[in-house]
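Coordinates in review
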Amino acid sequence: MTAANIHAHKILILDYGSQYTQLIARRVREIGVYCEIFPWDSEQAEAFLPAAQGIILSGGPDSTTDQHTPTVPEYVLKAACPILGICYGMQALVSQLGGQVRPSAQREFGFAQITLNQECVLFAGLCDGRNAHGQSLLDVWMSHGDKVTAIPAGFECIASTPSAEFAVVAHQAKKIYGLQFHPEVTHTSKGREILSAFLFDVCSCTGDWTAGNIIEDQIKQVQTQLQDEHVILGLSGGVDSSVVAALLHKAIGDQLTCIFVDTGLLRLHEGDQVMQTFSQHMGVKVIRVNAEQRFLSALQGLHDPEEKRKTIGNLFVAIFEEEAAKIKDATWLAQGTIYPDVIESAAATTGKADLIKSHHNVGGLPDDMKLSLLEPLRELFKDEVRRLGDALELPREMIHRHPFPGPGLAVRILGEIRKEYCDILRAADDIFMQELHRHDLYDRVSQAFAVFLPVKSVGVMGDGRKYQYVIALRAVETIDFMTARWAHLPYEFLDLVSRRIINEIDGISRVAYDISGKPPATIEWE
C-alpha cells in the first residue's frame, strides 16, 4: 500500500494581521488538509502558490477605505485556484475587483444570523433555522466596521444580514468566495462544514493530513535523512520534546540518545517522572545531566528576561555539545520547534511583528553550533503535536499538560534567579496544580501556573509579624494562545489554594491572582 503524500494538497493562507489567522490554519488542518501561513506581501507566498490547491485571505484590523492598506497581490487575483476571503480578505477582494466597501452605520461584532439568498456549494445542506419565508438561517460570528455596498461584475449575493446586504458573495464560475463572518471561530456553528466544503468540494483536496499519516511520513523522512547517523535530543519532559523522543525512538531506535538536562528550573519531581516514563517504561536511551548549579551560576545577577532566555539557550546547547563529544557519530541535534515558534520568530526577524519574546527553540541557538538541527515538529501546531502524542501512546498526563516555557521557572521568577526562589515556586505551583486537578478545573483552563515575585510583603502568622515573599497565580482561557482571558476560577477555590500555599510553604505571606487579559498582558509574566 502506497503511503499518503501529506503535502500533495496544500492551502495558502495570506495573513492580513488578524488575531485569528493561526486559528484558520488549525481548522484547515483539523479537517485534514495541509496549509501554510505567509504575510500578505511575502515573496515566499508567491513561490508557494503554484503548489496550492486554494487560497484563503484572512481578516485584519485595517480598512480598505483608508489609503496604503494591505492589498490582495496581483498574482492571487490572476491565480487559477479557488479563493476564499474572510472579513477584511473579502473586502479587499471586492474593492480590487470593482466593487465598493464603505464604513457601516451599524457595525457588527459578535453573534449574527445570515439569511441564505442563493444556492452555493459552501452552504449546501446547512441550516440553523428558517425565517418566515422559509429561507435558511445560519448562526455566525461577525467582527467588522466596514461593509460591502456593491459587488463586482459576475458576483452574486449569497447571504445577507439586516445591516450587511452582502454578507456572503461569490463568483461561482471562478470559484471566488467572500465571507463577512469568521468561519474559523467556534461561535460560527457550521464553520467547520463551510471550510470543509471549500477544501473538498471547491478545491478538491484530500484529507490526508492526519496524525497517523504525519507519523508515517516523518519516520520515513528521518530514516532517509539520518541513515545510520546518531541524533541527540534535549528531553525536557514537556509535550514537544516528549513527542519528538517517542517519534524518533520509533524511527531510529538506538541511534537516538536523549539528554535530559536537569536545569534546576523544572517543576516538582519532574526530573524523576521524565526518567521513569522514557528510560524505564519505553526503553529510550536517556542520559540525565544534573546541571542545576551551572544554570544558577550562569543566571546570577541577570534580571532582563531576554538575557535570561538567551543565557539558558546558549548553556543548553553548550551542554549538548559536551555530551555529543562523548557519543560516537553524533551529528544531529533534535528539537521540539513547532510551527507557531517559526511564524513568530520569522515575523520578528523580518520586522513584520514586534519581538514579544525570543523562543528557546528558535532564537537562542548560537551561529557556531556544531550539530545539525533536526526539527520533526516544525510544521505542526501544538494541538497537532498532542494528537501525535496520543497516537504514539504517550501518557495522557504528559501530553495534555499545560504549556511550560523552554527556560522553565526562570521566566516565572521575576528578576534574578536563586535556588531559594525556585524551591518556593515549585512548591506553590504544585499545590495550585493539585487543587486544579482535585476540583476538575485543570482541563477547563488552557494554562495555569504560579509566579514568584521577588518583593516582600507584611504578614501576620500566629502572634508574630512576618515579612515574606509574594506568589501570583495565573490561569487563562484561550483558543489559540494569541489572545486569552483570565479564568474566572471560583472564589472558594482561590481561597483554598491561597491558604494552602501560605500555610504549607515557609517564606510566603501573600498570594495574588492575575486578572490581566492578553492583550495587553502576555500569558507568561516574562
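**Regarding the overall build of the protein chain**
When helices and strands are tallied, the protein chain shows 15 helices and 19 strands. Computed over the C-alpha atoms, the radius of gyration of the protein chain is 26 Å, within 12% of the 24 Å expected from 2.2 N^0.38 for a compact globule of 526 residues. Oriented by its inertia axes, the alpha-carbon framework of the protein chain measures out at about 75 × 65 × 40 Å. Classification of the 526 residues of the protein chain by burial places 56% in the buried group. Summarising the internal contacts of the protein chain: among those between residues at least 6 apart in sequence, 75% fall at separations of at least 24. In the structure as shown, the protein chain presents an accessible area of about 23100 Å², 48% of it carried by carbon and sulfur atoms.

**A short note on the pairing of strand 12 (residues 256-262)**
In terms of burial, strand 12 is largely enclosed, as 7 of its 7 residues are buried. Along strand 12, one buried face is formed by Leu256, Cys258, Phe260 and Asp262 and the opposite face, lined by Thr257, Ile259 and Val261, is buried too. Across 4 bridges, strand 11 (residues 230-234) lies against strand 12 in parallel orientation. Bridge assignment links isoleucine 232 to a residue of strand 12, and that residue is threonine 257. In this structure, strand 12 lies alongside strand 13 (residues 286-290), joined through 5 bridges in parallel fashion. Residue pairing in the sheet places cysteine 258 in a bridge with valine 286 of strand 13.

**So, the packing of aromatic side chains**
Counted according to the given criterion, the structure contains 13 aromatic pairs. Measuring from ring centre to ring centre gives 6.1 Å for tyrosine 16 and tryptophan 40, while their planes differ by 10°; the resulting arrangement is stacked. One end of the pair, tyrosine 16, is in the loop between strand 1 (10-15) and helix 1 (21-31); the other, tryptophan 40, is in the loop between strand 2 (34-39) and helix 2 (43-48), with 24 residues separating them in the sequence. Judged by its relative accessible area of 24%, tryptophan 40 falls in the partly exposed class. Where tyrosine 20 meets tryptophan 141, the ring centres are 5.8 Å apart and the plane angle is 85°; that geometry is what we call edge-to-face. Of this pair, tyrosine 20 sits in the loop between strand 1 and helix 1 while tryptophan 141 sits in strand 7 (residues 136-150), and the two are 121 residues apart along the sequence. Overall, the relative accessible area of 18% leaves tryptophan 141 in the buried class. An aromatic cluster is defined as three or more aromatic residues linked by ring pairs; in this entry it consists of Tyr16, Trp40 and Tyr88. Its end group placed over the ring of phenylalanine 404, arginine 267 keeps NZ or CZ at 3.8 Å from the ring centre.

Rules used throughout
- Each chain carries its own residue numbering, running from 1 in the direction its sequence is written.
- In keeping with the model being predicted, local features are shown solely for residues with a pLDDT of at least 70 and side-chain atom pairs are shown and tallied solely at 80 or more, while totals for entire chains, interfaces and linings include all residues.
- To obtain the side-chain values, all non-hydrogen atoms of the structure were included, while hydrogens and water were left out.
- Counting from the N terminus, the helices are DSSP H or I runs at least four residues long and the strands are E runs at least two residues long.
- With C-alpha atoms as the basis for the radius of gyration, the globule rule is written as 2.2 Å multiplied by the number of residues raised to the power 0.38.
- Accessibility here uses a 1.4 Å probe with only protein chains present; expressed as a share of the type maximum, an area under 20% marks a residue as buried, one over 50% as exposed, and anything in between as partly exposed.
- Residues are treated as being in contact if the distance between any of their heavy atoms lies within 4.5 Å.
- In this description, accessible areas are obtained by the Shrake-Rupley approach with a 1.4 Å probe, and a residue is regarded as covered only by the protein chains that are shown.
- Being paired, for any two strands, means DSSP has found at least two bridges between them.
- Stacked, tilted and edge-to-face are the three classes applied to pairs of Phe, Tyr and Trp rings, where Trp contributes its six-membered ring and a pair requires centres within 6.5 Å; stacked means planes under 30 degrees apart, edge-to-face means over 60, and tilted covers the rest.
- Only when the NZ of Lys or the CZ of Arg is both within 6 Å of the ring centre and within 35 degrees of the ring normal is a charge said to sit over the ring.

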